[in-house]
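Coordinate analysis (summary)
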Amino acid sequence: MSSSQPKPSEITPKEVWLTRRRWIQSGLALGVLGATAGAGAWWWGREPDEATPARHGRPLEGVVKTGYRVDEPLTDYADVTHYNNFLELGSDKETPAERAAFLPTRPWTVRVDGECEAPGEIDIETILKVYPREERVYRFRCVEAWYMVVPWVGFSLGDLLRRFKPTSKAKYVAFESLYDPDHPLPGQRRLRLGWPYREGLRMDEAMHPLTLLATGLYGEELPAQNGAPLRLVVPWKYGFKSIKSVVRIHFSEHQPVTTWNRLQSDEYGFYANVNPEVDHPRWSQRRHRVLGASVFAGKQPTQMFNGYAAEVAGLYRGMDLHKFF
Ligand SMILES: Nc1nc2c(c(=O)[nH]1)N[C@H]1C(S)=C(S)[C@@H](COP(=O)(O)O)O[C@H]1N2
Ligand SMILES: [Mo]
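Residues numbered from 1 in each chain as written. Chains lettered and ligands numbered in written order. Predicted model: local features only at pLDDT ≥ 70, side-chain atom pairs only at ≥ 80, totals over all residues. Heavy atoms only, no water.

The strand order across the open sheet formed by five strands is S3-S2-S11-S6-S7, and the pairing between neighbours is mixed. If you trace the sheet from one side to the other, it starts and ends with strand S3 (120-123) and strand S7 (198-202), each paired once. Direction aside, the axes of adjacent strands within the sheet are offset by 20° on average. Sheet topology places strand S6 (residues 172-177) next to S7; five bridges connect them, and they run antiparallel. If you follow Ala174 over to S7, its bridge partner there is Gly200. (Pairing = 2+ DSSP bridges. Helix = DSSP H or I, 4+ residues; strand = E, 2+ residues; numbered from the N terminus. Axes fitted to C-alpha atoms, helices over the stretch in contact; angles between N-to-C directions.)

This is how it looks when you write it as structure tokens:
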């Protein structure tokens, strides 16, 4: 893999982080640790960051529950917001939350252009005002074989796309995350990934009602580390497709270049549908670890299309399932 990809050794196992967090909590409860930042930093064994730690976000009003809801226990808020992949903010699981304040989330504008009749821009305040705030409880499966269940807040991507009137030439939709070369984010300084982070979907995937643009989670504004203020969530695909902090959407006739597929096409396909039958070279995809579950619970079997086959299998009729990765 290219030098820019975090090595498995850089990835902090969830158990280590949890144990450390629980020790801190019980330590504080027993009064063993002083409440000073210095003691905390010593315990964590790292320098405190300039950025403020993650806190609960502003509650979103008018959130309506919908039928998009899997019947599985929700992953804890703390786990959803402190075990993240967000390379712009750092390459291990904890740093995105620690560096949340580095991400400028206002003002925020999304530019929509390419094969459409009404190209233009839309700002996040308009998006929050105009589009529904639906709570949808989705499964989320990373190719690193961890899994969570998240109560997102958002709306179908298709609702936004229609506003810009895509033409019949629009066969794909490309997405870009925030990248300002004059003010790179901490991870953008360190990693040569070919910024911005890019992703893409086929038009019918993008218009599928399950495909979500998330503006929040757990009834609150989306935390920076989860891709504030607006991120894609495609629950039947591996997590890397769910691009965070979107600033540009482009309709195109041809399959767009996407970050991981460009870096390592044999490991990260364009489609990247969750498929337990096709292993990633470094991670078997048969089973996954449920974040927050007891270390004794063991791994759970992964389902085809992450359990969304009834909804989405029809999109891929006639395609070779083994070439999806
Ligand atoms: N811009 C951007 N989007 C991104 C990533 C990233 O590094 N940068 N990581 C991806 C990966 S690999 C995963 S698993 C999910 C993680 O989302 P979460 O931190 O909200 O769980 O975000 C995806 N979207
Ligand atoms: Mo991922």
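Text resumes after the structure shown.
The local shell around ligand 1 holds 18 residues, among which Asn84, Leu87, Glu88, Ser177 and Lys244 are the closest. Separating an oxygen atom of ligand 1 from a backbone N or O atom of Leu87 is a distance of 2.8 Å. Between Lys244 and ligand 1, the recorded distance is 2.6 Å, taken from a side-chain N or O atom to an oxygen atom. Considering ligand 1 on its own, with 540 Å² of exposed area, one finds that the protein chains cover 97% of that surface. In terms of residue class, the shell around ligand 1 is built from nine nonpolar, six polar and three charged. (Near = heavy atom within 4 Å. Polar contact = N/O pair within 3.5 Å; in protein donor to acceptor, adjacent residues only side chain to side chain. Areas by Shrake-Rupley, 256 points an atom, 1.4 Å probe, with all protein chains shown as cover. Nonpolar A, V, L, I, M, F, W, Y, C, P; charged D, E, K, R; others polar.)

Here Arg162 lies in helix H6 (residues 157-163). Expressed as a C-alpha distance, the spacing of Arg162 and Ala118, which sit 44 residues apart in the sequence, is 9.6 Å.

On to the environment of Thr211, then. Note on placement: Thr211 falls in the loop between helix H8 (203-207) and strand S8 (212-217). Relative accessible area serves as the criterion here: at 0%, Thr211 is assigned to the buried category. Excluding its chain neighbours within four sequence positions, the residues that come into contact with Thr211 are Phe155, Ser156, Leu157, Leu201, Glu205, Ala206, Leu232, Val233, Val234 and Trp236. (Buried < 20%, exposed > 50% of the residue type's maximum accessible area, 1.4 Å probe, protein only. Contact = heavy atoms within 4.5 Å.)

Glancing now at the pattern of salt bridges. Scanning the entire structure with this criterion turns up 18 salt bridges. Note that Arg69 is salt-bridged to Glu135, the shortest N-O span being 2.9 Å. Taken together, the residues Arg69 in strand S1 (residues 64-69) and Glu135 in strand S4 (residues 134-141) connect sequence positions 66 residues apart. Of the charged contacts, one joins Arg282 and Glu267 as a salt bridge, the two residues approaching to 2.9 Å between their closest N and O atoms. Of this pair, Arg282 sits in the loop between helix H9 (259-263) and strand S12 (287-290) while Glu267 sits in the loop between H9 and S12; the two residues are 15 residues apart in sequence, bridging distant segments of the chain. (Salt bridge = Lys/Arg side-chain N within 4 Å of Asp/Glu carboxyl O.)

Turning our attention to the pairing of S6. Among the six residues that make up S6, six are buried, leaving the element largely enclosed by the rest of the structure. In the sheet, S6 pairs with strand S11 (residues 246-252) via six bridges, with the strands oriented antiparallel. Residue pairing in the sheet places Phe175 in a bridge with Ile249 of S11.

This part is about the packing of aromatic side chains. Any pair of aromatic rings gets described here by the distance separating the centres and the angle formed by the planes. The full count for this structure, using the stated rule, is 13 aromatic pairs. With centroids separated by 5.2 Å and ring planes inclined at 85°, the aromatic side chains of Phe240 and Tyr268 adopt a geometry described as edge-to-face. Placement of Phe240 in the loop between strand S10 (231-233) and S11 and of Tyr268 in the loop between H9 and S12 is noted, with a sequence separation of 28 residues between them. On the accessibility criterion, Phe240 (11% relative accessible area) is buried. For Tyr268, a relative accessible area of 3% gives the class buried. Ring geometry for Tyr271 and Tyr316: centres 6.1 Å apart, planes at 90°, overall edge-to-face. Remark: Tyr316 occurs in the segment after helix H10 (309-312) and Tyr271 occurs in the loop between H9 and S12; sequence separation between them is 45 residues. Accessibility expressed as a relative area gives 3% for Tyr316, which makes it buried. An aromatic cluster is built from Tyr172, Phe270, Tyr271, Phe305 and Tyr316, whose rings are joined through pairwise contacts. Over the ring of Tyr83 we find Lys93; its NZ or CZ atom is 5.7 Å from the centre of that ring. Just above the ring of Tyr68 sits the side chain of Arg136; from NZ or CZ to the centre is 4.1 Å. (Phe/Tyr/Trp six-rings, centres within 6.5 Å; stacked < 30°, edge-to-face > 60°. Lys NZ or Arg CZ within 6 Å of the ring centre and 35° of its normal.)

Between Trp195 and Pro196 the backbone carries a cis peptide bond, its omega angle lying at 0°. Locating Pro196 in the fold gives a position in the loop between helix H7 (186-190) and S7. Phi at Ala272 is positive, roughly 50°, even though this residue is not glycine. You can see Ala272 is positioned in the loop between H9 and S12. Given the relative accessible area of 1%, Ala272 is considered buried. The backbone of Phe305 shows a phi angle near 50°, a positive value even though the residue is not glycine. Note that Phe305 resides in the loop between strand S13 (300-301) and H10.

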